[in-house]
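Read off the chains here:
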Amino acid sequence: MTKLFNDPARFTEDMLVGFLDANARYVVGVPGGVVRAYETRPGKVAVVIGGGSGHYPAFCGTVGTGFADGAVVGNIFTSPSAEEAASVARAAHGDAGVLLTTGNYAGDVMNFTLAVDQLRSEGIEAAYFAVTDDVASAPQGEETKRRGIAGDFTVFKCASAAAEEGLDLAGVIRVAEAANAATRTLGVAFDGCTLPGADHPLFTVPEGHMGLGLGIHGEPGVADEEMPTAERLAHTLVDGVLGDYEAADGAAHGTRIAVILNGLGRTKYEELFVVWGTVSRLLRERGYEVIEPEVGELVTSLDMAGCSLTVMWLDDELERYWRAPADSPAYRKGAAAQSDSAAVRTDAAADAAAPVVDLAALSDDEGRAAAARIARALDAIATMLAGVEDELGRIDAVAGDGDHGRGMVKGSTAASAAAAEAVADGAGPGSTLAAAGKAWAAKAGGTSGVLWGALLTALGARLGDTGTPESATVAAGMRDGYDALIRLGGASPGDKTMLDALLPFTEELERRVGDGSDWQDAWRAAAEVATDAAKATADMRPKVGRARPLAERSVGTPDAGATSLAMCARTVAESYARSAKEDGK
């Protein structure tokens, strides 16, 4: 159990205070995480890693020469927001672009992808890559669906070494892709981990058993097996990892490999060495040469008891990057001296700050009037959602974690406040919706917050900041929002998500506007279509997300995300009807 904390809600913030003080020669803090204490040298691509905390030394412990340039630090097992990711990337960026990379988790993928979009809009060349090494999380042929676990380390290390060597952004991405394709991991858990302040673990393992195929965010294994000896465990791990890669079509099966036997937080080093004795023998008996193995804690999961085996098959280039020196707070290899020409950061917070924009200079009188109506609609949404929070939570709890109502209230409240502030600063429709979207994504948590943030931001980008939006522009903006969610979320209509209400809404809005209706009338009709579509999701089985394993239980209950979207659509229609009456007075 995690026993040492002050306020559990501030565990990550308190951890960072101590980490930064203890490692001041390596790192400095910025909003959202940490960056190297020295500025990125000219011509060097910056590599920014990250995700939720609870995995130390991943991720902030590997920021330093030869490894990462920055790490985004979310709350325990929780994706950082897009704004936090963009903040760290800005501070880490020099003049040659930045690669953001995480494990393959929905929240991380969405938020870091949005951060890349934001950085590009600011003129920073940026790209994102997700690691997919966990053989237990998806079968062969579906590797893109796999999670990133301890294999994060090999991919991050090689990409960082490539950047240190001077490759351009395209080259660093290519190395990350090659390292990921050559990496496989399988993990086991002997006991679950406990969040700070909690009185029970996130999962338990039956007495005398182990969970095979665990995740690193407190997820249990995919199957329980009898607890083996160290030797039998070594056989299970080696067979699982080698078997998956060796059976892959088209894989280059070289004989030189980098190997990590990783402890998850509570398994002692002595135990790991006992397992490693057999693992190394088995690998050599299979004809492999092990190159600079790592045995210890590199990607943990708080106090989880367990371990994982990671293997990366090496070609000459990957071997060079795996062997390359590194010097960071928690990982050192060889002699990785900081360049004498590197400048110490003098104002990291300023480096991380988003460009300041004079919102009033971007808009005109008509745009400011339109923005005020948008702010009133967002305030109405926040008020409405506060009244249905319990209902949405009840719907979500049938096959989810029951937090949809709370997340929607937090997100919409923050969005309403941000919109009001933008309007007070003279913003037009686009900037008002962008501010609202950023606040919704940052405060709501979960995937719905990211998706709503993306929806509002895409709509705002289409509307712009001047003039009164035309009906065709509003319809096109909603289509842009739908397309953004498809790109970010990885879901499709029919998967029982908010898309099953958003697509019918968007299509009806487009149809009616195309037939000559003004957008307000078309919106009201489309909101009714969305309401009917949301109700129809009760007959569907979820195919993505946390509800997927409980698909049968979900039948008979509508999707919470589709339901809340339809509610918001109706509320916007009602708000604009009230505004029309008031404007007519």
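Residues numbered from 1 in each chain as written. Predicted model: local features only at pLDDT ≥ 70, side-chain atom pairs only at ≥ 80, totals over all residues. Heavy atoms only, no water.

Looking up the protein in an unreviewed UniProt entry gives the name D-erythrulose kinase, with the organism given as Mycolicibacterium grossiae. According to its UniProt record, the protein has this under Pathway (unreviewed entry): "Carbohydrate metabolism." (UniProt positions renumbered as here; feature names shortened; annotations may be inferred.)

Novice: Help me get a handle on the overall build of the protein, residues and values and all.
Specialist: Each helix and strand counted, the protein has 20 helices and 15 strands in total. The principal-axis extent of the C-alpha atoms belonging to the protein is close to 85 × 60 × 50 Å. Going through the 585 residues of the protein one by one, you find that 56% of them count as buried. Put simply, of all contacts in the protein between residues at least 6 apart along the chain, 73% involve residues at least 24 apart. Just so you have it, the protein exposes about 23400 Å², and 52% of that area is on carbon and sulfur atoms. Between the averaged position of the 51 positive side-chain charges in the protein and that of its 83 negative side-chain charges there is a distance of 1 Å. (Helix = DSSP H or I, 4+ residues; strand = E, 2+ residues; numbered from the N terminus. Buried < 20%, exposed > 50% of the residue type's maximum accessible area, 1.4 Å probe, protein only. Contact = heavy atoms within 4.5 Å. Areas by Shrake-Rupley, 256 points an atom, 1.4 Å probe, with all protein chains shown as cover. Lys, Arg positive; Asp, Glu negative; His and termini not counted. Charge placed at Lys NZ, Arg CZ, Asp CG, Glu CD.)

Novice: Just give me the short version of the pairing of strand β4 (residues 70-76), but keep the residues and values in it.
Specialist: Of all 7 residues that make up β4, 6 are buried, and the element is covered over most of its length. In this structure, strand β2 (residues 33-36) lies alongside β4, joined through 3 bridges in antiparallel fashion. In the sheet register, Gly33 faces β4, and the bridge partner there is Val72. Direction of pairing for strand β3 (residues 46-53) relative to β4: parallel, over a ladder of 6 bridges. Directly across from Ile49, in β4, lies its bridge partner Ala71. (Pairing = 2+ DSSP bridges.)

Novice: Quick rundown of the packing of helix α17 (residues 499-514) against helix α18 (residues 519-536)? Include the residues and the values.
Specialist: With their axes 8 Å apart at the nearest point, α17 and α18 run at an angle of 150° to one another. Considering the angle they form, α17 stands roughly antiparallel to α18. α18 is crossed by α17, and the crossing has right-handed handedness. Contacts between α17 and α18 involve Asp500, Ala501, Pro504, Phe505, Glu508, Leu509, Arg512 and Val513 from the former and Trp519, Ala522, Trp523, Ala525, Ala526, Ala527, Val529, Ala530, Ala533 and Ala534 from the latter. A breakdown of the residues in the contact of α17 with α18 according to their chemical character gives 15 nonpolar, no polar and 3 charged. (Axes fitted to C-alpha atoms, helices over the stretch in contact; angles between N-to-C directions. Parallel < 35°, antiparallel > 145°, perpendicular 65-115°, else oblique. Left-handed = near helix turned anticlockwise from the far one by under 90°. Nonpolar A, V, L, I, M, F, W, Y, C, P; charged D, E, K, R; others polar.)

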